[in-house]
Amino acid sequence: MPLLEVRDLQVEFATHDATVRAVNGVNFTLEDGETLGIVGESGSGKSQSVLAMLGLLASNGRASGTALYRGENLIGMPHKAMNRIRGNRLSMIFQDPMSSLNPYLTIERQMTEVLELHKNVTRREAKKRAISMLEAVRIPEAAHRIGQYPHELSGGMRQRVMIAMALLCEPEVLFADEPTTALDVTVQAQILQLLRNLQHDFGTSIVLITHDLGVVAGLCEKVMVMYGGRVMEQCDAATLFAKPSHPYTIGLLRALPRLDHDGGELTGIPGNPPNMAHPPAGCPFHERCADASDQCAHEAPALQAVHGTHWLRACHRPVEAMKTRYQETSHV
């Protein structure tokens, strides 16, 4: 049985104008010690999928489907039961550590509270464990830093504090929402290496939410590409970069700078993502796709297997035609 199995996950938000269908039928599995990358542009439904599983949707949000963690369905789980799991067995690193950390509380109080709640330890023991975890995430002078407030730390240190808080209870699944956003490239590399090391040390499974395919290449084993609330392509990371077969995936890769390409312009994806308050009848990507046909505009493609059950895509175009197109238009 997978550690986490998500089936037909749907997320909707009720607004004054219309119902926004943010996530439409997402399916994936996560095994012990595995890293899954969820990629796509802003508004594709990446973060809302995870927030729905953790019971953290906005008050006007509603989730349906199943998200089985060790056989227990997280969707619709009562708050008391969810609070026993969330922050303990399932943890999340939020996108912006400055807004996620409480500016009125010291790092010590924010970290020890987690241990006191979930592990029932004394304040003294909780502080000792918190300092040890800050040292594990490579924060210098951890015994001094733990008494500071978030605004006294740099962006990179705040992000490390968020990682330390998420790992305090040694969770089985760590959800990381854009953990390197707004950090300089040196700190980004350090954070990614830190996640690799911590995964090796604790055996934690990771779901990484990002728009940065470079981060995916360096950390993830499996990748799920989302657009317009739907899964466009899903496969292992090596296949995605070597043989992408969905027009959206190809567009993302063509827009990625490469060290082995000297000169030339990057090719962006024209247009804008769809309005999910009024989603298109067909493929959500058809208005921006250079290979779209009339069928794409009126009929949404199903997520079908390309090779076994490990490579899935939602597109009407033949697989081989899209792989040939990528080879012809790529920088290689």
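Residues numbered from 1 in each chain as written. Predicted model: local features only at pLDDT ≥ 70, side-chain atom pairs only at ≥ 80, totals over all residues. Heavy atoms only, no water.

Quick word on the side chain of Gln199
Test applied: Numbering of helices and strands runs from the N terminus; a helix is a DSSP stretch of H or I covering at least four residues, while a strand is a stretch of E covering at least two. Under the scheme applied here, a residue whose accessible area is under 20% of the maximum for its type counts as buried, over 50% as exposed, and between as partly exposed, the area being computed with a 1.4 Å probe on protein chains only.
The residue Gln199 is located in helix H8 (residues 185–202) in this model. The class for Gln199 is buried, based on a relative accessible area of 14%.

Looking at the nonpolar core
Defined as follows: Side-chain atoms within 4.5 Å are what join buried Ala, Val, Leu, Ile, Met, Phe, Trp, Tyr and Cys residues into a set we call a nonpolar core. Where each domain begins and ends follows an automated or database-derived domain assignment. In what follows, a contact means two residues having at least one pair of non-hydrogen atoms within 4.5 Å.
If you look at the biggest cluster of nonpolar residues, it comprises 58 residues, and the most contacted ones within it are Ile93, Met111, Leu134, Val161, Ile163 and Val225. Sorting elements by how many residues they give to this core places helix H7 (residues 155–167) first, with eight residues. Per-domain counts for this core show at least three residues from each of domain 1 (30–55 + 172–331) and domain 2 (90–168). Those residues within four positions of Ile163 in sequence are excluded, and the remaining contacts are Ile93, Val137, Ile191, Leu194, Leu195 and Leu198. Counting 36 residues, the second largest nonpolar core, distinct from the first, contains Val26, Leu74, Met77 and Leu90.

What to know about H8
Just so we agree on the cut-off: Each helix should span, by expectation, one fewer than its residue count multiplied by 1.5 Å. Note that the arc is defined by the directions from the helix axis to the C-beta atoms.
Under the 1.5 Å per step criterion, the end-to-end length of H8 is 26 Å for 18 residues, consistent within 8% with the ideal 26 Å. Considered for burial, the residues of H8 that qualify are Val187, Gln188, Ile191, Leu192, Leu194, Leu195, Leu198 and Gln199. Each buried residue of H8 lies within a common arc of 155° when the element is viewed along its axis, so the set occupies one face. Looking at H8, the residues exposed on the side facing more than 90 degrees away from the buried face are Val185, His200 and Asp201.

Concerning the domain arrangement of the protein
Counted only if it meets this: Buried area: the accessible surface (1.4 Å probe) lost by two parts on joining, summed over both. Any pair of N or O atoms that falls within 3.5 Å is considered a polar contact. Within protein, one atom must be able to donate a hydrogen and the other to accept it, and sequence-neighbouring residues count only if both atoms are side-chain atoms. Here the term charged refers only to Asp, Glu, Lys and Arg, the term nonpolar to Ala, Val, Leu, Ile, Met, Phe, Trp, Tyr, Cys and Pro, and the term polar to all other amino acids, Gly among them.
Taken domain by domain, the protein holds domain 1 (30–55 + 172–331) and domain 2 (90–168). For domain 1 versus domain 2, the separation of C-alpha centres amounts to 31 Å. Tallying the contact residues gives 22 residues for domain 1 and 17 residues for domain 2. In terms of surface lost to domain 2, no three residues of domain 1 exceed Leu174, Asp177 and Leu194, which account for 27% of the buried area on that side. Across the contact surface, domain 1 and domain 2 share six residue pairs in polar contact (both at pLDDT 80 or more). The set of elements that each furnish at least two residues to the side of domain 1 that touches domain 2 consists of helix H1 (46–53), strand E7 (173–177) and H8. Examining the composition of the side of domain 1 that touches domain 2, we find that eight residues originate from one element, H8, more than from any other. Considering only residue class, the side of domain 1 that touches domain 2 consists of 15 nonpolar, five polar and two charged.

Here's the deal with the layout of surface pockets
Keep this limit in mind: A 1.4 Å probe that fits into a set of points on a 1 Å grid over the protein atoms alone but cannot get out defines a cavity; an open set with protein on both sides within 12 Å along at least five of seven lines defines a pocket, and lining residues are those with an atom within 4 Å of a point. Grid points are joined across faces, edges and corners, and a volume is the space filled by probe spheres set on the points.
Looking at the largest pocket, its volume works out to about 550 Å³. Around the largest pocket sit 21 residues that line it, and Gly87, Met92, Phe94, Val114 and Met165 are the ones nearest its centre. Here the lining of the largest pocket takes five residues from helix H4 (residues 107–118), the largest share from any one element. When grouped by side-chain class, the residues that make up the lining of the largest pocket number twelve nonpolar, seven polar and two charged.

Considerations on empty space enclosed by the protein
Within the structure shown, the criterion is met by three cavities of 30 Å³ or more. The calculated volume of the largest cavity comes to roughly 70 Å³. For the lining of the largest cavity, the class distribution of residues is nine nonpolar, three polar and two charged.

Let's talk about the side chain of Glu34
Locating Glu34 in the fold gives a position in the loop between strand E2 (19–30) and strand E3 (35–39). For Glu34, a relative accessible area of 13% translates into the label buried. Of note is the side chain of Glu34, whose polar atom sits 3.0 Å from the backbone nitrogen of Glu31. Ignoring anything within four residues of it in the chain, the contact list for Glu34 reads Thr29, Gln199, Ser205, Ile206, Glu221 and Lys222.

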